[in-house]
Amino acid sequence: MHYIGSKSKLAKFIVPHIKKVLQPHQFYVEPFFGVGSVAKYFYYHPNVICNYINSDIISLFVKLQSGWIPPTKITKEQYYHVKNNEKNCPVHERAFVLYGCSFAGKKNAGYAFSNDKTNYAEQATISLLRRIKLMKHFAFESVDYRELEIPDNSIIYCDPPYSGTLGYEKNGKNSFDTSAFWNWCDDMAKKGHKIFVSEYNIPEHWKVIMKKTVKCYMDKTKGKYKSRVELLATNL
């Protein structure tokens, strides 16, 4: 499923760094789950905790865990009915429609369509059903990352809203506190956790272990894509 900020294209470069240090007895924890583009690669691991403050997305994955199968067709009329009446719709259904069937996976960005008549609802359903098969045993949470209970000596992968980007919008503004996030990371490191963080900007005292140039769809201007350098850093 398309989703803003997804690591679907970068996961294959990120995951090997984490697998090198993850031991069978440890917990693998994602405080910023998104839609699980990285987490799905840890399907084999017995202890996985996935958290995301977006409770609609988490409700969608919990419902998928219980066996719910999303629709394979959503019309434009159905999309805007949900958009205009989302408070009256089941949470998992509105999450599927307003993210899975929106342009670029951004909530309420408009009904996704293309000249080649791509069925975005069907694509999202296929993607989600494949993904949830790998996540049947995952524990899902929806709290502020600072409130998440993390077992001792965990491996933590963070993909937070990047500094200078959309982040968690509140009243049209980025409400995510990047400084507070890095302070939290430092605290987690002091507690003995091993941490990996994806970002564009990394504090000097953290070690950058991966650099990848990517095209940013959401930064598209005048029909051209902007390139940004994605970084992966660790406290190891």
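The structure displayed is predicted, hence computed values, not measured ones.

S.K.: What is the right way to look at the side chain of His45 in this model?
M.R.: Looking at where His45 falls in the secondary structure, it is placed in the loop between β1 (28-30) and β2 (48-51). A relative accessible area of 3% places His45 in the buried class.

S.K.: Would you explain the pairing of strand β7 (residues 194-199) in this entry?
M.R.: Sheet faces and side chains relate simply in a regular strand, where the side chains alternate between the two faces. Burial analysis of β7 places five of its six residues in the buried class, which makes it a mostly covered element. In terms of strand pairing, strand β4 (residues 155-158) meets β7 through four bridges, oriented parallel. Bridge assignment links Cys158 to a residue of β7, and that residue is Val197.

S.K.: Can you help me understand the packing of helix α3 (residues 76-84) against helix α4 (residues 91-100) in this one?
M.R.: Helices that pack against each other are described as a pair by the angle of their axes relative to one another and the distance between those axes. For the pair α3 and α4, the least separation of the axes is 10 Å and the interaxial angle reads 120 degrees. The angle between α3 and α4 places the two elements in the oblique class. At the point where α3 passes α4, the crossing takes the left-handed sense. Two secondary-structure elements touch here, α3 through Tyr79, Val82 and Lys83 and α4 through Arg94, Val97 and Leu98. Split into classes, the residues belonging to the contact of α3 with α4 amount to four nonpolar, no polar and two charged.

So, how was this worked out
- Residues numbered from 1 in each chain as written.
- Predicted model: local features only at pLDDT ≥ 70, side-chain atom pairs only at ≥ 80, totals over all residues.
- Heavy atoms only, no water.
- Helix = DSSP H or I, 4+ residues; strand = E, 2+ residues; numbered from the N terminus.
- Buried < 20%, exposed > 50% of the residue type's maximum accessible area, 1.4 Å probe, protein only.
- Pairing = 2+ DSSP bridges.
- Axes fitted to C-alpha atoms, helices over the stretch in contact; angles between N-to-C directions.
- Parallel < 35°, antiparallel > 145°, perpendicular 65-115°, else oblique.
- Left-handed = near helix turned anticlockwise from the far one by under 90°.
- Contact = heavy atoms within 4.5 Å.
- Nonpolar A, V, L, I, M, F, W, Y, C, P; charged D, E, K, R; others polar.

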